[in-house]
Amino acid sequence: MEGELNLTLEALFRLHGFNPNSGQREAIESLEGPLFLMAGPGSGKTRVLLWRTVNAIVFHNIPPEKIFLSTFTEKAAKQLKDGLQTILGTVTNITDLPFDISKMYVGTVHSLCQRIIGDRRFIKDRTRVKPPILLDELDQYFYINSNSFWKMTEELIHMTEEDIRTELKQYFGKGSVSRHETTQSLISIFNRFSEENLQVEKLYEHGTKIKNEAFFHVVKLYEWYKEKILNNNMVDFSLLQQKALLQLMQSEHVINEFEYVVIDEFQDTNRIQEQLFFRLALGHKNLCVVGDDDQALYRFRGATVENFVLFPKRCALNLNANAKEIKLNINYRSKKQIVDTYTNFIEKISWVRDDGEGYYRLHDKDIQANSKDNDLSVLTTTCSKSEDVANEIALFVRKLIDEKKVEDPNQIAFLFPALKNNKHVQRMKKALEKEGINVYAPRAGRFLEVEEAKALFGLLIKIFGKPQRQDFSGAYKDYHDWLDTVEDIAIELMKQDERLERYVFSKVAELKGCKEDYIRLLKTLNDNEWSLFDIYIPNTHKRTLASTPLLSQQTIRGLGTDRLDKFIELRAKQGKPFTLQYILNRATSVDWNILDLFYRICGFPYFSQLFKLAENGTDEGPICNLSMISEYLSRYMEQSRSVITGARLIEDKLRNDFFGRYIYGLFRVGESEVENEETPFPKGRVPFLTIHQSKGLEFPYVVLGNPGKKNRGVPRNEEIVRPLIKGDNEPLERIPEFDTMRLFYVALSRAQEGLIIANLRGQGQVVDPAFKQLFAQMNYPTIPSVSIANLPNVKMKEEDIPKVYSYTSDYLLYLKCPRNYMVFKKYGFVPSRSQTMLFGNLVHQTIEDIHNRIISLRGDRNGK
């Protein structure tokens, strides 16, 4: 093939400026049989996966649709797709051979499971199936937290909701009997049962064995929940994987559909995923797994680090083949002292197995820094109490910025084991702000507490109203206090902006008119003894409805034109008639939705000046917050009827659903402190992240704000599930220690140029024993003893893997409106329906124009 192409892999490396080390080269060229890649931090594993895929497609004639490549995040998947398009584009330019990766399976395991379920290649008899509706984490929370779920719970268990919650509080060891807390516990254990692929029958057998009534109740609820959502063709993330595996087990031909199965971050896979991957690779046995057991952070989501540590053994068992083992052990990210620090740290506890035979982690990894410098790159603070440490770090960061050691504050990341309810985090934030340094920390508290959210939701309260306050305490009272606060903020904004005030009042009047017209039309229906469910017949109903007293002209027009009447009559003849309910909703609906309202509000000065701050590079934090608000509003519209009608306004149904259910749910759940692959790092602000959120990222400077976390014991779900699973697992009692070491290993390995570790003492502060040993052994210099001038200047780093820009979706949108491009492409705002329809029509018309132009050109050629 290389001879035919007149191109070699080496030449392609040179064209793209890639000079792989021996381990990387061996991994890229090893395509036959199982491959076990142990990839340390900063070892270039993404580039290896990219080039290994290029090697298979270009030099071994593997069709892209025969490759299955699972990544941990959609961002990583996009990175790989962009890289493939770029390199394959180079090959096409040289050889004129086209490559189409549109059918290649590349994405997160959840997105790929969705594809498998709907792909006829993997369906028995290749019949068409209706893909299930996916409940994301928030949807699942609302489902299990709903009144209907808890009403069914009472019927199933024959106990009152209060008694059930009290029982489950004790069983799960929680501190509250609230419905919210119980819902979270049930979601967690339901997902774990599904991820372990535990059958309900086996769960009941175990319940009989242990004689625990609370466990029986949990299983009964899980059985009902699973049957209910599956019967409604719905799945949560965990059941999605179960459904995909079940489908794959029904046909033998599926084992040959993929010639290459490649799994990134294999240390964070769960048992059902492992079964799924082995099933897909059973035919060709070309299963490549990449990972690092020292960076395994997702046990609480059912991840099983043993999947990676024991891969060679399980490979021999499941594929009847021996895995080739290759180490990617050279760190290209960090300075030598940083690499020495995290490799030293992970050895501070014993990983020797209980029987003395081997280790609970992969040993002798021989991680090395590509950088051979001896530059100062690791510092600690003076050992002191929280306030003093925060002030010392803030002053240090101020000097880094003032002396141009970084190009932007977002190159200095603060990492913490947890952000919520953390007094030290709040002290650090205040200390930085005192030095004039903006912080981006939407997860340090509730996201709804950020200024932009309070202003926006306050204005929505003024338009839709707020739920009535009941006499409850706790989180309910906190939420209504928040509603009162944001309403006061909105009132103040309206006082300062007369145009905004007029706009809000006009929307209130518009909704009031829709509501009153709907009530008038209902009276007309009642007076004529018609039902909302009656079939609408224009000749019978329209004139009477339009004659309703005091009906607005807008609603009369909404009852339809002669053209609509003819369409309605046609639908009736086809057996698909419209009801009076539909016509009343149509007539009394507004021509905007909540997301449209969001964008209109963003046009007023308070919000528009935030866009200007982002445009000129001063501060991107507020616009990133607005982007997240657009996502939340879009999700609400997806899970509820997005059209605002008179029917939804009577009895305050819309207000109670939006503020009483959805926003209250967000207030209770809060933002996840786990990773968000699209987490922005806005210019002009120092980002605060949990260590989980930092996984897979790198920053020039990293401040580890808390070098310790409280030991909360063995996770309850582990205690519940462990007796139900077989295998060679880590001892339960050592899980907290192992997981803490892995967490801080990830934190320490994020830094490129400089790592600053807080050395705390005093009441409430925890410093892990491993850090105490590390400080004593390494004797790091403290911040006051270091001259900022001696530290290196940091430049913005170019991506190793290039991004691909589309002429139609990127360049044309930018030409049309630079701010539009900035909002939707750069910051990820969710377009409103009207904008989506407009853009969709434009794209459709453009494609049609191009198509017609090609036809005409063909005609011209034929004419010649």
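Bear in mind the structure is a predicted one, so any value in this text is a computation, not a measurement. (Residues numbered from 1 in each chain as written. Predicted model: local features only at pLDDT ≥ 70, side-chain atom pairs only at ≥ 80, totals over all residues. Heavy atoms only, no water.)

Caption draft 1: Seen up close, the pairing of strand 6 (residues 260-263). Burial along strand 6 is two-sided: Y260 and V262 facing one way and V261 and I263 facing the other are all buried. As paired strands, strand 2 (residues 67-71) and strand 6 are joined by four bridges and run parallel to one another. Paired with S70 across the bridge in strand 6 is I263. Running through helix 14 (residues 271-281), the crossover from strand 6 to the neighbouring parallel element strand 7 (residues 287-291) is right-handed. (Buried < 20%, exposed > 50% of the residue type's maximum accessible area, 1.4 Å probe, protein only. Helix = DSSP H or I, 4+ residues; strand = E, 2+ residues; numbered from the N terminus. Pairing = 2+ DSSP bridges. Right-handed = clockwise from strand over helix to strand, strands pointing away.)

Caption draft 2: Main features of the sheet that holds strand 8 (residues 324-328). Across the sheet, six strands lie side by side as 3-2-6-7-1-8; this open sheet has parallel pairing. In this open sheet, the two edge strands, each paired with only one partner strand, are strand 3 (105-108) and strand 8. Sheet twist, expressed as the mean angle between neighbouring strand axes with direction ignored, is 10°. As defined by bridge partners, strand 2 adjoins strand 3 across four bridges and the pair is classed as parallel. By the bridge assignment, S70 is partnered in strand 3 with G107. This element, helix 5 (residues 74-95), spans strand 2 and strand 3 of the sheet and lies at about 150° to strand 3. Packed onto the sheet, helix 6 (residues 109-118) meets strand 2 and strand 3 and runs at close to 130° relative to strand 3. (Axes fitted to C-alpha atoms, helices over the stretch in contact; angles between N-to-C directions. Contact = heavy atoms within 4.5 Å.)

Caption draft 3: Seen up close, a negative patch on the surface. On the surface, D354, D355, E357 and E733 cluster together into a patch of negative charge. Looking at the secondary structure, you find D354 in the loop between helix 17 (336-345) and strand 10 (368-369). (Patch = residues over 30% accessible without salt bridge, like charges linked within 9 Å, V, L, I, M, F, W, Y side chains within 5 Å. Areas by Shrake-Rupley, 256 points an atom, 1.4 Å probe, with all protein chains shown as cover. Salt bridge = Lys/Arg side-chain N within 4 Å of Asp/Glu carboxyl O. Lys, Arg positive; Asp, Glu negative; His and termini not counted. Charge placed at Lys NZ, Arg CZ, Asp CG, Glu CD.)

Caption draft 4: Main features of helix 23 (residues 538-546). Those residues of helix 23 that fall on the buried side of the exposure criterion are P538, H541, K542 and L545. The buried residues of helix 23 all sit within an arc of 100° when viewed along its axis, so they share a single face. Away from its buried face by more than 90 degrees, helix 23 exposes N539 and R543. Against helix 22 (498-527), helix 25 (562-573) and helix 26 (580-587) lie the buried residues of helix 23. (Arc of directions from axis to C-beta.)

Caption draft 5: Representation of the environment of N329. Relative to the assigned elements, N329 resides in the loop between strand 8 and strand 9 (330-331). C-alpha of N329 to C-alpha of L37: the two residues are 292 residues apart in sequence and 10.0 Å apart in space. Those residues in contact with N329 that lie beyond four places of it in its chain are K365, D366, I367 and Q368.

Caption draft 6: Just the packing of helix 7 (residues 137-144) against helix 10 (residues 179-195), in detail. For the pair helix 7 and helix 10, interaxial distance at closest approach is 10 Å and the crossing angle is 120°. Of the possible angle classes, the one that applies to helix 7 and helix 10 is oblique. The interaxial crossing formed by helix 7 with helix 10 has right-handed handedness. Contacts between helix 7 and helix 10 involve Q140, Y141 and I144 on the former and, on the latter, H180, T183, Q184, L186, I187, F190 and N191. Of the residues contributing to the contact of helix 7 with helix 10, the split by class is five nonpolar, five polar and no charged. (Parallel < 35°, antiparallel > 145°, perpendicular 65-115°, else oblique. Left-handed = near helix turned anticlockwise from the far one by under 90°. Nonpolar A, V, L, I, M, F, W, Y, C, P; charged D, E, K, R; others polar.)

Caption draft 7: The environment of F216, seen in detail. Considering the arrangement of structural elements, one finds F216 in helix 12 (residues 213-231). Taking the C-alpha atoms as reference, F216 lies 9.6 Å from I157; in sequence the two are 59 residues apart. Aside from chain neighbours lying at most four places away, what touches F216 is Y204, G207 and T208.

Caption draft 8: Summary view of the pattern of salt bridges. Counted by the stated rule, this structure contains 56 salt bridges. The salt bridge involving R502 is made with E498; its shortest N-O contact spans 3.2 Å. Of the two residues, R502 and E498 both sit in helix 22, four residues apart, roughly one turn of that helix. The exposure class of E498 is exposed, given its relative accessible area of 55%. E737 serves as the salt-bridge partner of R734, at 3.0 Å between the closest nitrogen and oxygen. One network of salt bridges, with partners in common, ties together K462, K466, R469, K477, D481, D484 and E487.

Caption draft 9: A look at the sheet that holds strand 11 (residues 378-380). Strands sit in the order 11-16-15-12-14-13 across an open sheet of six strands; the sheet is parallel. Sheet topology places strand 11 and strand 13 (439-440) at the edges, where each strand pairs with a single neighbour. Along the sheet face, helix 17 touches strand 11 and strand 16 (751-757) and points at about 55° away from the line of strand 16. Seen against the sheet, helix 19 (residues 423-434) touches strand 12 (412-416), strand 13 and strand 14 (686-690) and runs at an angle of roughly 160° to strand 12.

Caption draft 10: Representation of the pairing of strand 7 within the structure. A large share of strand 7 lies buried, amounting to five of its five residues. The alternating pattern of strand 7 places L287, V289 and G291 on one face and C288 and V290 on the opposite face, and all of these are buried. Direction of pairing for strand 1 (residues 35-39) relative to strand 7: parallel, over a ladder of four bridges. Among the inter-strand pairings, F36 is bridged to a residue of strand 7, identified as V289. One ladder, built from three bridges, connects strand 6 with strand 7; its direction is parallel. Directly across from I263, in strand 7, lies its bridge partner V289.

Caption draft 11: Examining the nonpolar core more closely. Counting residues in each nonpolar core, the largest one holds 137 residues, and the members touching the most others are F457 and F464. Apart from residues lying up to four places away in sequence, F457 is in contact with L448, W482, V486, I629, L633, F658, F659 and I663. Among the nonpolar cores identified, the runner-up in size contains 73 residues, and W351, M741, A747 and L748 belong to it. (Core = buried A, V, L, I, M, F, W, Y, C linked by side-chain atoms within 4.5 Å.)

Caption draft 12: Local environment of the layout of surface pockets. Approximately 1100 Å³ is the volume found for the second largest pocket. If you go around the second largest pocket, you meet 35 residues; those closest to its centre are N145, R179, G660, R661 and Y664. Where the lining of the second largest pocket is concerned, the elements lending two or more residues are strand 4 (133-135), helix 7, helix 10, helix 21 (475-496), helix 29 (621-639) and helix 31 (653-669). By residue number, the principal contributor to the lining of the second largest pocket is helix 31, which donates seven residues. Tallied by class, residues from the lining of the second largest pocket come to 14 nonpolar, 14 polar and seven charged. (1 Å grid on protein atoms, 1.4 Å probe; cavity = no way out; pocket = protein on both sides within 12 Å on 5 of 7 lines; lining within 4 Å. Points joined across faces, edges and corners; volume = space filled by probe spheres on them.)

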